Amino acid sequence: RAQALTHRGWSMRQVGALPEADSMYQAALDLIDPPDAAPDEALMALLGLANVSIDRFEIARADSLLTVAAALAEAMDTPAGQARLADMHQLVAQNYAAQSRFSEAEAAFDQAVRHGELAHGRVNAAQMMIVNNFASFLSAIGRYPKADSLFQEAAHISVQLYGDTPRIDRVAIYHAWASN
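These notes cover the structure that comes with them.

The rules behind the values
Residues numbered from 1 in each chain as written. Predicted model: local features only at pLDDT ≥ 70, side-chain atom pairs only at ≥ 80, totals over all residues. Heavy atoms only, no water. Salt bridge = Lys/Arg side-chain N within 4 Å of Asp/Glu carboxyl O. Helix = DSSP H or I, 4+ residues; strand = E, 2+ residues; numbered from the N terminus. Buried < 20%, exposed > 50% of the residue type's maximum accessible area, 1.4 Å probe, protein only. Axes fitted to C-alpha atoms, helices over the stretch in contact; angles between N-to-C directions. Parallel < 35°, antiparallel > 145°, perpendicular 65-115°, else oblique. Left-handed = near helix turned anticlockwise from the far one by under 90°. Contact = heavy atoms within 4.5 Å.

**What to know about the pattern of salt bridges**
Right, so step 1: For the structure shown, the criterion picks out eleven salt bridges.
Right, so step 2: Here Asp 87 makes a salt bridge to Arg 84, at a shortest N to O gap of 3.6 Å. Taken together, the positions of Asp 87 and Arg 84, both in helix 5 (residues 79-98) and three residues apart, correspond to about one turn of that helix.
Right, so step 3: Residue Lys 146 is joined to Glu 106 by a salt bridge in which the shortest nitrogen-to-oxygen separation is 3.0 Å. You can see Lys 146 sitting in helix 8 (residues 144-162) and its partner Glu 106 sitting in helix 6 (residues 102-120), a full 40 residues away along the chain.
Right, so step 4: By relative accessible area, which is 12% here, Glu 106 ends up buried.

Right, here's the structure in full:
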């Protein structure tokens, strides 16, 4: 039941129904008491609430939710826990970026990359997205050399995962995009 409410909250958030999404995530958490009874479900609901809070610019609430989520995820010493920590650190980074706290956002992205690699390994589509998100953030704040390095890393992972086809040269596409 809690998982169904979390999925419903995600659907509500996707269509912009933030108060309804908030209610769904909160109801899911209310069903999971204590949170460590179903840590993965509790984490999903906490991260959903944090997303909604960021969307509503409720930064202090998001920060508080992410702190609780971090403690719960740290207690889950599994690949799933590491994956949730990677997700959580990306949310923390977005939260800091929304507050123009760029050095803290960068540190959170570093943590996301580290936990993502522990969860997924280095060559994995999820890890490629984490690295790409970090690179996009760095590019947006003008940290081009480090962004370039991370974009190249993401492109390298992509080639390892999907191959380098003659029709699509991902690195050339990236360089064409980066030069604009």
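**What to know about the packing of helix 6 against helix 7 (residues 125-140)**
Right, so step 1: Axis separation between helix 6 and helix 7 bottoms out at 9 Å; the angle between their running directions is 170°. Taken together, the axis directions place helix 6 and helix 7 in an arrangement best described as roughly antiparallel. Crossing hand, helix 6 versus helix 7: left-handed. Note on element contacts: helix 7 touches helix 6 through Ala 126, Gln 127, Ile 130, Val 131, Asn 133, Phe 134, Phe 137 and Leu 138, opposite Phe 102, Ala 105, Glu 106, Phe 109, Asp 110, Ala 112, Val 113, Gly 116, Glu 117 and His 120.

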